[in-house]
Amino acid sequence: MTPVKALPLDVLRERTSEKWREYPADVLPLFVAETDFALAPTISRALERAVRIGDTGYVASKTPLAEAYAGFAERRFGWNPDAARMRSTADVSMGIVEILRRVTTPGDRVIVTTPVYPPFFDLVEEAAAVVERVSLHDTGTGWELDLDGIRVALEAGARAVLLCNPHNPTGTVHSAASLQLLAELAAAHGAVVVSDEIHAPLAQPDAGFTPFLSVSDAARAVGYAVVSASKAFNLAGLKCALMVTASDDTTRVVRGMPVEVEWRTGQFGLLAAVAAFSSESDAWLNGLLATLDENRRLIADLLATHLPAAHYRIPDAGYLAWIDLTELGWGSNPSKRILREAKVALHYGPAFGAEGAGHVRLNFGTSPEIITEAVTRIAALSA
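Since the model is a prediction, treat every value here as computed from it, not as a measurement.

As enumerated under the stated definition, the model contains ten aromatic pairs in all. For the pair Y23 and F31, a centre-to-centre distance of 5.1 Å together with 85° between the ring planes defines the contact as edge-to-face. You can call F31 buried: its relative accessible area is 10%. Through a chain of ring-to-ring contacts, the aromatic side chains of Y69, F72, F77, W79, F209 and F277 assemble into a single cluster. Taking NZ or CZ as reference, R313 lies 4.4 Å from the ring centre of W143, over its face.

Written as C-alpha cells, this is what we have:
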C-alpha cells in the first residue's frame, strides 16, 4: 500500500476553492472539509477525457452511477444495496432537504445529535421543520447515540432523525447494535431516519462501517441514506450524491421527486463519482486511509507533547479532529484567538451546538508538515 501524499503548499495556494481563498496567505487553512491531495488517477483520467471530447452537457437519464456505488458498497462495506432504489442529486445536503420535505410536514420536529455538522440545523429549517437537539452520549472514551434521549423526543412527537454516520465532528462510527435500536425506535413511533453517510468511505479498517440500511428490516423500512464520493475523493465542487432506499415505501418517496432534483446532478460530478466508486480507485483510497491514520495519530502525539491541556480522541473515520481546549481558558470560541494570533484557521466549536463550547475542529487531510506547524503555532499561545 502506498500512502497518498499531500501536494506542496505552494501548489495548494494556486487553488481557488473556499479553503484557499477565504483567508490571507499567512494563514494555515484547516477549517473547511477539503483535502490537500491530488485527485485519484482514475478520476483525473475521467475528467480529462470529458474535457477533451467536450462531454459537458446535461446528465443523462440513464447512467452507471447507481451500479458503481452498489459495487463500491459491496467491496468496502459488505453491503448489497439495490441500484434500482437509488436516485442522484447535486449533493448530500440537497438530498437531505428533499427527503425531509416529503417525510415531514411544516413544524414537525427533526432530531439531530449534537455536536453535529452545522448545516444540519439549516437543512432542517429549509425543509420547514424544527430542530430537536439530542446530545451524543459521552462515554468517557468516545461518543455514542443517546438512545434514551432519542426515545423521549420521539415519544414527544418528533417525526424524524437526521443521523450523521460516521459522525461529524467526532469521527464516531456508530455501532450496528445502536443503529438497530435506533431503527426499532423510529419504527415504533412512526418516524423516519435520514442517514448522512458522506464520510463512510473514510472509516478506518479497524473501526469498520455499518450502513444504516444494512442493519435490519426495520432500518430498511424507516430509513433513507444519502451518500457521495465528495468527502473521500475531494469532489464537493463537482456536485453529485445519491439518495439510497431499501423498501417499496421509501423508494416511492424518492421516485416521486421531480425530475429536476435529479437533473441538478453535475455532469463532472457524476463522471468523477463513477470513477471514484470503481475498483480502479480502491488502491488510492486505501493509500489515503493509511495517510489519514498516520495523521490522526500524529495529532495525538503533537498535542500530548506541546499542548497537554487539550483533550482529543482519535477519530474512527474521516479527517476531522474534534479538540477540547476548554482547560486553556480561551473562551467558548477559541478559534477566534487561534486565527488572530496563531494564523491558523479552524472550524469553531460553538457552530456544532452548545456542546462545542471551548472546542475546535481541525482538518488533518493535509501533510504532516502543515499539521505540525499548525499545532506548534497554537501551542505557542499557551507558552
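The next point concerns the pairing of strand β8 (residues 192-196). Along any regular strand, the residues point their side chains to alternate faces of the sheet. With five of its five residues buried, β8 lies for the most part within the structure. Covered by surrounding structure in β8 are V192, V194 and D196 together with V193 and S195, the residues of both alternating faces. When strand β7 (residues 160-164) meets β8, the two strands line up parallel, connected through five bridges. Bridge pairing in β8 places L163 opposite S195. Once you follow β7 into helix α8 (residues 176-188) and on to β8, the crossover reads as right-handed. Where β8 meets strand β9 (residues 223-227), four bridges bridge the pair, whose relative direction is parallel. In the sheet register, D196 faces β9, and the bridge partner there is V226. Between the parallel elements β8 and β9, the chain passes through helix α9 (residues 217-222) in a crossover that is right-handed.

So, about the side chain of R296. Inspection of the secondary structure puts R296 in helix α14 (residues 282-306). Setting aside residues up to four positions removed in sequence, R296 forms contacts with Q204, D206, Y312, I314, P315, D316 and F364.

With that settled, the discussion passes to the nonpolar core. Counting residues in each nonpolar core, the largest one holds 102 residues, and the members touching the most others are Y69, F212, F233 and I338. Y69 has contacts with F77, W79, P81, M86, V227, L242, V244 and F277, leaving out every residue within four places of it along the chain. With 28 residues, the next largest nonpolar core counts A129, C164, V192 and V261 among its residues.

We now examine the state of the cysteines. By the definition in use, this model includes zero disulfides. Not part of a disulfide, C164 finds its nearest cysteine sulfur in C240, a span of 19 Å. Classification of C164 by relative accessible area gives buried; the value is 1%.

Turning our eyes to something else, we now look at the sheet that holds strand β12 (residues 320-324). Strands sit in the order β1-β13-β14-β12-β11 across an open sheet of five strands; the sheet is mixed. Because the sheet does not close on itself, it has two edges, and the strands there are β1 (28-30) and β11 (311-312). Pairing between β1 and strand β13 (residues 344-348): three bridges, direction parallel. When the sheet's bridge partners are listed, P29 is paired in β13 with A345. With respect to the sheet, helix α15 (residues 335-342) is in contact with β13 and β14 (359-363), its orientation differing from that of β13 by roughly 170°.

Those residues of helix α7 (residues 147-155) that fall on the buried side of the exposure criterion are L147, G149, I150, A153 and L154. Along the axis of α7, the buried positions cluster into a sector of 160°, meaning they face one direction only. Summarising the geometry of α7, the exposed residues directed more than 90 degrees from the buried face are D148 and E155. Looking at the buried positions of α7, the neighbouring elements they touch are β3 (109-112), β4 (130-133), β7 and α8. Within two residues after α7, G157 carries a phi angle of roughly 115°, on the positive side.

Moving on, we come to the packing of α7 against α8. Across the interface, α7 lies against α8 with an axial gap of 10 Å and an inter-helix angle of 10°. Between α7 and α8, the interaxial angle falls into the category roughly parallel. Contact residues: α7 offers L147, I150, R151 and L154, while α8 offers S178, L181, L182, L185 and A186. Looking at side-chain class alone, the contact of α7 with α8 contains seven nonpolar, one polar and one charged residues.

All right, on to the packing of helix α4 (residues 65-77) against helix α13 (residues 267-277) then. α13 packs onto α4 with a crossing angle of 30° between their chain directions and a minimal axis gap of 8 Å. By the criterion of interaxial angle, the relationship of α4 to α13 is roughly parallel. Taken as a pair, α4 and α13 cross one another with a handedness that is left-handed. Across from L65, A68, Y69, F72 and R75 in α4, the residues of α13 making contact are L270, A273, V274, A276 and F277. When its residues are assigned to classes, the contact of α4 with α13 shows nine nonpolar, no polar and one charged.

Thresholds applied
- Residues numbered from 1 in each chain as written.
- Predicted model: local features only at pLDDT ≥ 70, side-chain atom pairs only at ≥ 80, totals over all residues.
- Heavy atoms only, no water.
- Phe/Tyr/Trp six-rings, centres within 6.5 Å; stacked < 30°, edge-to-face > 60°.
- Buried < 20%, exposed > 50% of the residue type's maximum accessible area, 1.4 Å probe, protein only.
- Lys NZ or Arg CZ within 6 Å of the ring centre and 35° of its normal.
- Helix = DSSP H or I, 4+ residues; strand = E, 2+ residues; numbered from the N terminus.
- Pairing = 2+ DSSP bridges.
- Right-handed = clockwise from strand over helix to strand, strands pointing away.
- Contact = heavy atoms within 4.5 Å.
- Core = buried A, V, L, I, M, F, W, Y, C linked by side-chain atoms within 4.5 Å.
- Disulfide = S-S within 2.5 Å.
- Axes fitted to C-alpha atoms, helices over the stretch in contact; angles between N-to-C directions.
- Arc of directions from axis to C-beta.
- Parallel < 35°, antiparallel > 145°, perpendicular 65-115°, else oblique.
- Nonpolar A, V, L, I, M, F, W, Y, C, P; charged D, E, K, R; others polar.
- Left-handed = near helix turned anticlockwise from the far one by under 90°.

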